[in-house]
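This is what each chain is made of:
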Amino acid sequence: MSESKRYEGGCHCGLVRYDVSLDLSQPLVSCNCSICLKTGMLLGFAPAEQFNLQKGAEHITDYQFGKKSIHHLFCDTCGVRSFGKGTMPDGKEMRAINVRCLDGIELDGLPVMKVDGKNF
């Protein structure tokens, strides 16, 4: 049974803000790929239709590398990567939410799954 709730989040300077429905009872992803490891991402995933960019589209910069299948998005002012976008294996568009950027979230006690992204 899904325990999705609506959360708000964004970058450090506040220029990029969004709301998203996430189920934080599902394991978050701690990935060891080169970019997630260096930026400390802790990811939750949501279908694109459960994500709403409230403001800041003009402040988002897109970085892609490797297969260029994931859009690693960050604020052009403060540099924080609060979310990214891509597609799931079934082809549906999704958002990868950096749960560290959600307002009022206590990370202790949330389930985390380690993923060996450097060997994908």
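Scroll up for the structure.
Sequence order as written defines residue numbering, which begins from 1 separately in each chain. The predicted nature of this model means local features are confined to residues of pLDDT at least 70 and side-chain atom pairs, given and counted, to a pLDDT of 80 or more, with totals for whole chains, interfaces and linings taken over all residues. Derived side-chain values reflect all non-hydrogen atoms in the structure, with water molecules and hydrogen atoms excluded from consideration.

Engineer: Would you mind going over the overall build of the chain with me for this structure?
Structural biologist: Numbering of helices and strands runs from the N terminus; a helix is a DSSP stretch of H or I covering at least four residues, while a strand is a stretch of E covering at least two. Looking only at helices and strands, one finds 1 helix and 10 strands in the chain. Moving toward the C terminus, one meets the helices and strands of the chain in the order β-β-β-α-β-β-β-β-β-β-β. Projected onto the principal axes, the alpha-carbon positions of the chain cover approximately 35 × 35 × 30 Å. Within the chain, the fraction of its 120 residues that count as buried is 38%. Here the analysis covers contacts within the chain between residues at least 6 apart in sequence; of these, 56% occur between residues at least 24 apart. Carbon and sulfur atoms make up 52% of the accessible area of the chain, which amounts to about 7,200 Å² in all. Between buried and exposed lies partly exposed: a residue is buried under 20% and exposed over 50% of the maximum accessible area for its type, with that area taken using a 1.4 Å probe on protein chains only. Any two residues having at least one pair of non-hydrogen atoms within 4.5 Å are treated as being in contact. Using a 1.4 Å probe, accessible areas were evaluated by the Shrake-Rupley method; residue-level cover was limited to the displayed protein chains.

Engineer: What's the story with the sheet that holds strand E5 (residues 51-55) in this structure? I'm lost.
Structural biologist: Within a sheet, adjacent strands bond to each other through the backbone by hydrogen bonds, running parallel or antiparallel. Pairing is antiparallel in the open sheet, where 3 strands are placed in the order E1-E2-E5. The outermost strands of the open sheet, each flanked by one partner alone, are strand E1 (5-10) and E5. Strand-to-strand twist in this sheet, taken as the mean axis angle between neighbours without regard to direction, amounts to 25 degrees. DSSP bridges decide pairing: two strands pair if at least two such bridges lie between them. Two elements, strand E2 (residues 17-22) and E5, share 4 bridges in a ladder whose sense is antiparallel. Within E5, the residue paired with Tyr18 across the bridge is Leu53. Orientation is described by axes fitted as lines to C-alpha atoms, over the contacting stretch for helices, and by angles from 0 to 180 degrees between their N-to-C directions.

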